[in-house]
Amino acid sequence: MSFGRECGLYIGTRYQGQKAVAEQALSAPGKQEHVAGNLRGPANRQTDWPSIYLTCLLIGFAGLNMTIYATSLWPYTTWVTKQADVAWLGYALAGTSLGSILADPLFGWWQQKTNSKPPLLFGFAVTLIGNILYALLPIFPEAAILYVLVISRIFLGFSSSAIGLLRTFVSMNTLEKDRLLGTAALSIGLTLGLSLGPVVQMAAIPLGEEGFTLFGILMDQYTVPAILMSILCIVNLIIIQFYLHENFAGFAGEIGDDGEAKEDPSLPPYDKVALGVLFYIWCLMMTASASEYTHEVITKHGILQSVQCVLSAIAAILLMKTRIRNIDNRIQLSFALCLFLFASLFLFPWPFFEPAQDFPVPPGQNPHQCDAACLKRRVPMWLYFFSLAFCYGPAASIGVTVTNSLATLVVGPRKQALIQGWMTAAGSLSSFLWPLGATEAFKMDGMRTISLANTSFYLIGLVLIVFYRKRLLPLVIPGRSMDFAA
């Protein structure tokens, strides 16, 4: 092996924290040629950007499906049946998370054993059934409507699982140098989809609750968005079947004639501790919550969500198009957690805030004394909006993008659909359980316990990043450069 080749291998590691691994590989003559030959993909294996952009479109449709019913679920439920109550609303809301929790590991295993297309097709087909059931609720018997509603919501949770599949698709079909760029593009597509959901629902309001009948199907402000989503699901199925292609640019191993990816057995094991840290941070991103349920917040939530999504998209674009993407991933993650931490501190009911009207100060108590009355302070509305829009929005975009990208690099160029499935399931479970405790905590003492809990979780995340900073690095494989097509 030439001296220039040896220098190229050394420089190719690019990660100072793991120089020793690369140097050890270079000290074993003959072995590095064998390893490099096994691990490097075909010379023409490049990031298939048309397919990556199609995944951005698909994930946008999935995000749209997640938020389009957010503002109309309760009015629709109470309109379609008189038996609806808050308990059934809770079941319906939990149904989406439950569907995602059930589907995430299943889809990850399926994608691991085959490829991306079968579980994606199945996921969007189930989502199609969920939208159809939601649209046809008025034709079901009164006694069955609520049960059908919950079933439809469980099916709609499969669209959230499709998001995990699309993230895995990007990680397996992008070169490592393009990984962050592809993940950021996904974040933009998802953010736009999430932000357009309430807008599409609002556009159907002029139809009213009476609407009109077309081919025996009621077309009103509640059912038309569901019918539209059903059509989009069919479009998604066509795109996946005929236009989405996998070339496994981010995979080290052989690709059979049948498209099956065979993992290279010589790949070194990944760092499970580092991946565990990223799992924890991922759960934080999924449970980032600061909800104070007042009428004023609910009526203005549409504006807040729009601003938040715009800032999230801007943050993702900055990750794609500026030098920010060259900053160390650990610094980017720490910055995102710091933004979350600042928001939690802003949302703490400090003694100098005005007492909440829902929790009046007892007679004779000093409203500025740190006693039980301090627990019932209401965060000023302008500060609440600033925290959620300018802290939570960019932090969520940066945190989700970088955490997912770094996780794929830590695992390395192997099949990682099952890992991504469990990661998504962990996030879904966290987002399912956290609101239950946060709601009870808010009833007892307002935002105090919620803010303290969030602050503690984010501080733990920052400590983990600092403590394990030398392990939160991409997998270095002796004897090869970072990009397979190099």
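Cut-offs and rules
- Residues numbered from 1 in each chain as written.
- Predicted model: local features only at pLDDT ≥ 70, side-chain atom pairs only at ≥ 80, totals over all residues.
- Heavy atoms only, no water.
- Helix = DSSP H or I, 4+ residues; strand = E, 2+ residues; numbered from the N terminus.
- Buried < 20%, exposed > 50% of the residue type's maximum accessible area, 1.4 Å probe, protein only.
- Contact = heavy atoms within 4.5 Å.
- Areas by Shrake-Rupley, 256 points an atom, 1.4 Å probe, with all protein chains shown as cover.
- Axes fitted to C-alpha atoms, helices over the stretch in contact; angles between N-to-C directions.
- Parallel < 35°, antiparallel > 145°, perpendicular 65-115°, else oblique.
- Left-handed = near helix turned anticlockwise from the far one by under 90°.
- Nonpolar A, V, L, I, M, F, W, Y, C, P; charged D, E, K, R; others polar.
- Polar contact = N/O pair within 3.5 Å; in protein donor to acceptor, adjacent residues only side chain to side chain.
- Phe/Tyr/Trp six-rings, centres within 6.5 Å; stacked < 30°, edge-to-face > 60°.
- Lys NZ or Arg CZ within 6 Å of the ring centre and 35° of its normal.
- Core = buried A, V, L, I, M, F, W, Y, C linked by side-chain atoms within 4.5 Å.
- Lys, Arg positive; Asp, Glu negative; His and termini not counted.
- Salt bridge = Lys/Arg side-chain N within 4 Å of Asp/Glu carboxyl O.
- Expected span 1.5 Å × (residues − 1).
- Bend = angle between axes of the 7 residues up to and from the residue.
- Arc of directions from axis to C-beta.
- pLDDT = per-residue confidence, 0-100.

A. Here's a closer look at the overall build of the protein. Counting secondary structure elements, the protein contains 16 helices and 4 strands. For the protein, buried positions account for 52% of its 486 residues. In the protein, the proportion of contacts linking residues at least 24 apart, taken out of those at least 6 apart, comes to 83%. With an accessible surface of roughly 21800 Å², the protein has 68% of that area assigned to carbon and sulfur atoms.

B. Representation of the packing of helix H4 (residues 49-67) against helix H8 (residues 145-172) in the model. At a minimum axis distance of 9 Å, the contact between H4 and H8 shows a crossing angle of 160 degrees. With respect to their mutual orientation, H4 and H8 come out roughly antiparallel. Where H4 crosses over H8, the handedness of that crossing is left-handed. From H4, Ser51, Ile52, Thr55, Leu58, Ile59, Ala62, Asn65 and Met66 reach across to H8, where they touch Leu156, Ser159, Ser160, Ile163, Leu166, Phe169 and Val170. For the contact of H4 with H8, the residue count by class is 10 nonpolar, 5 polar and no charged.

C. Structural detail: the side chain of Arg414. Looking at where Arg414 falls in the secondary structure, it is placed in the loop between helix H14 (381-411) and helix H15 (417-445). A residue is classified by how much of its surface remains accessible, and Arg414, at 8% relative accessible area, is buried. Side-chain polar atoms of Arg414 contact the backbone oxygen of Val411, separated by 2.5 Å.

D. Representation of the packing of H4 against helix H10 (residues 223-242). Where H4 contacts H10, the two axes come as close as 11 Å, and the packing angle between them is 155 degrees. In terms of axis orientation, H4 runs roughly antiparallel to H10. As for how H4 packs across H10, the hand of that crossing is left-handed. Residues Leu54, Leu57, Leu58, Phe61, Leu64 and Asn65 of H4 form the contact with H10, whose own contacting residues are Met229, Leu232, Cys233, Asn236, Ile239 and Ile240. Per-class residue counts for the contact of H4 with H10 are 10 nonpolar, 2 polar and no charged.

E. Seen up close, unusual backbone geometry. In this structure, Phe215 takes a positive phi of about 55 degrees despite not being glycine. Relative to the helices and strands, Phe215 is located in the loop between strand E1 (212-214) and strand E2 (217-219). Judged by relative accessible area, which is 77%, Phe215 ranks as exposed.

F. Spotlight on the packing of aromatic side chains. Scanning all chains against the criterion turns up 19 aromatic pairs. Connected via pairs of aromatic rings, a cluster forms that spans Tyr69, Tyr76, Trp79, Tyr134 and Tyr222. The residue whose ring lies beneath Lys272 is Tyr270, and the NZ or CZ to ring-centre distance is 4.9 Å.

G. Quick look at the nonpolar core. Ranked by size, the top nonpolar core spans 79 residues in total, and within it Leu120 and Leu337 carry the most contacts. Top element by residues in this core is H14. It accounts for 15 residues. Not counting the four nearest positions on each side in its chain, Leu337 is found in contact with Leu284, Met285, Tyr458, Gly461, Leu462 and Ile465. The next biggest cluster of nonpolar side chains, apart from the first, holds 25 residues, and it includes Leu64, Ile68, Tyr69 and Ala84.

H. Representation of the side chain of Asp178. One can find Asp178 in the loop between H8 and helix H9 (179-203). Here Asp178 sits buried without a salt bridge, and the closest side chain of opposite charge, Lys177, lies 5.2 Å off (N-O distance). Not counting chain neighbours up to four residues away, the residues in contact with Asp178 comprise Thr47 and Trp49.

I. Local environment of helix H6 (residues 86-113). Its 28 residues give H6 an end-to-end C-alpha distance of 41 Å, which sits within 8% of 40 Å, the value for a rise of 1.5 Å per residue. The largest bend along H6 measures about 30 degrees and falls at Ala103, with the proline Pro105 one to four residues further on. The backbone nitrogen of Trp88 lies 3.0 Å from a side-chain oxygen of the residue at the head of H6, namely Asp85.

J. The arrangement of helix H5 (residues 73-80) in detail. Buried within H5 are the following residues: Leu73, Tyr76, Thr77 and Val80. Here the buried residues of H5 occupy an arc of 100 degrees about the axis, which is enough to place them on one side. Considering only its buried residues, H5 is in contact with H6, helix H7 (117-135), H8 and H10.

K. Summary view of the confidence of the model for the protein. For the protein, the mean per-residue pLDDT works out to 77, and 76% of the residues sit at or above 70. In this model, residues 289-299 is a region of pLDDT below 50 whose contacts with residues beyond four sequence positions or in other chains number 24 contacts. Low pLDDT (under 50) marks residues 482-486, which in the prediction has 27 contacts with non-local residues, meaning those over four places away or in another chain.

L. A look at the environment of Pro394. One can find Pro394 in helix H14. With a relative accessible area of 14%, Pro394 lands in the buried category. Spatially, the C-alpha atom of Pro394 lies 7.6 Å from that of Ala336, the residues being 58 residues apart in sequence. Sequence-distant contacts of Pro394, that is, excluding residues within four places in its chain, are made with Leu311, Ser312, Ala315, Leu339 and Ala389.

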